[in-house]
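# A closer look at the structure
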Amino acid sequence: DYLGTSSQAETWFKVCTSTDKATWTVFITAFKARWPPVKIAEKTKAEYEKELLDHTLQHTEVGKKMTLYDRECWMHVAWAAKTLQLATSVGITQSTLMIWQVRSTLPDIVKDLLKDEEYTNWAEFAKAVTELKGSRLVEKQEQHNQ
């Protein structure tokens, strides 16, 4: 944080010339000269594809809850939201590309409750996962653990 108390920016500001503080535009130019903006490392499509394939719902997470956006939700719902976000980043949401690969990594309990159909796009697939009843997943998980 460049602008905190006792920061490098504060020290720099104290010794900054009045010319550098004359206008906001001049000040910003001087500030950026001292601390050039850092170029953000953007992910490639291949990196997003790998992240999509690596984003798995573990069998131990089935029937569990977590906090997402300050709200409690089922793990499979959070997984579906993140999966759709990654598919969007890859640019494949309107297609069926990679759905079967991602679906194949789902825990058997989840796959068993999903309809055995072809999904026409990622939103449809994510919606199907999201609509699974958490209580039903808990029940199936308990049966599986016996």
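Look above for the structure.
Note that the structure is a prediction, hence the values are computed from the model and not measured.

### Description of the environment of W12
Relative to the helices and strands, W12 resides in helix α1 (residues 8–15). Counting along the chain gives 22 residues from W12 to R34, while the straight-line C-alpha distance between them is 8.8 Å.

### Considerations on the packing of aromatic side chains
What the rule picks out here adds up to 10 aromatic pairs. For the ring pair F13 and F27, a centre distance of 5.9 Å and an interplane angle of 80° mean the geometry is edge-to-face. Residue F13 is found in helix α1, and its partner F27 is found in helix α2 (residues 24–34); the two are separated by 14 residues along the sequence. Within the aromatic cluster, the residues linked to one another by ring pairs are W12, F13, W24, F27, F31 and W35. Here the basic side chain of K21 rests over the ring of F13, its NZ or CZ set 4.1 Å away from the ring centre. Above the ring of W35, the side-chain terminus of R34 is found at 4.6 Å from the ring centroid.

### What about the pattern of salt bridges?
Under the definition given, this model contains 7 salt bridges. Note that K43 is salt-bridged to E51, the shortest N-O span being 2.5 Å. Overall, the relative accessible area of 24% leaves E51 in the partly exposed class. K111 is the salt-bridge partner of D108, the closest N and O atoms lying 3.6 Å from each other. Highlighted residues: D108 and K111, both in helix α6 (residues 108–113), separated by 3 residues, approximately one helical turn. Through salt bridges with shared partners, a single ionic network connects K43, E51 and K82.

### What about the side chain of N121?
Structurally, the position occupied by N121 is in the loop between α6 and α7 (122–130). By relative accessible area, N121 is classed as buried at 18%. Not counting residues up to four positions away in its chain, the partners in contact with N121 are T93, Q94, S95, T96 and I99.

### Describing the packing of helix α3 (residues 45–54) against helix α4 (residues 75–90)
Interhelical geometry of α3 versus α4 gives an angle of 160° and a closest axis separation of 8 Å. It follows that α3 is roughly antiparallel to α4 by the angle criterion. For the pair α3 and α4, the sense of crossing is left-handed. Contacts between α3 and α4 involve K45, Y48, E49, E51 and L52 on the former and, on the latter, K82, T83, L86, A87, S89 and V90. The class makeup of the residues in the contact of α3 with α4 is 5 nonpolar, 2 polar and 4 charged.

What counts, and where the lines are drawn
Residues numbered from 1 in each chain as written. Predicted model: local features only at pLDDT ≥ 70, side-chain atom pairs only at ≥ 80, totals over all residues. Heavy atoms only, no water. Helix = DSSP H or I, 4+ residues; strand = E, 2+ residues; numbered from the N terminus. Phe/Tyr/Trp six-rings, centres within 6.5 Å; stacked < 30°, edge-to-face > 60°. Lys NZ or Arg CZ within 6 Å of the ring centre and 35° of its normal. Salt bridge = Lys/Arg side-chain N within 4 Å of Asp/Glu carboxyl O. Buried < 20%, exposed > 50% of the residue type's maximum accessible area, 1.4 Å probe, protein only. Contact = heavy atoms within 4.5 Å. Axes fitted to C-alpha atoms, helices over the stretch in contact; angles between N-to-C directions. Parallel < 35°, antiparallel > 145°, perpendicular 65-115°, else oblique. Left-handed = near helix turned anticlockwise from the far one by under 90°. Nonpolar A, V, L, I, M, F, W, Y, C, P; charged D, E, K, R; others polar.

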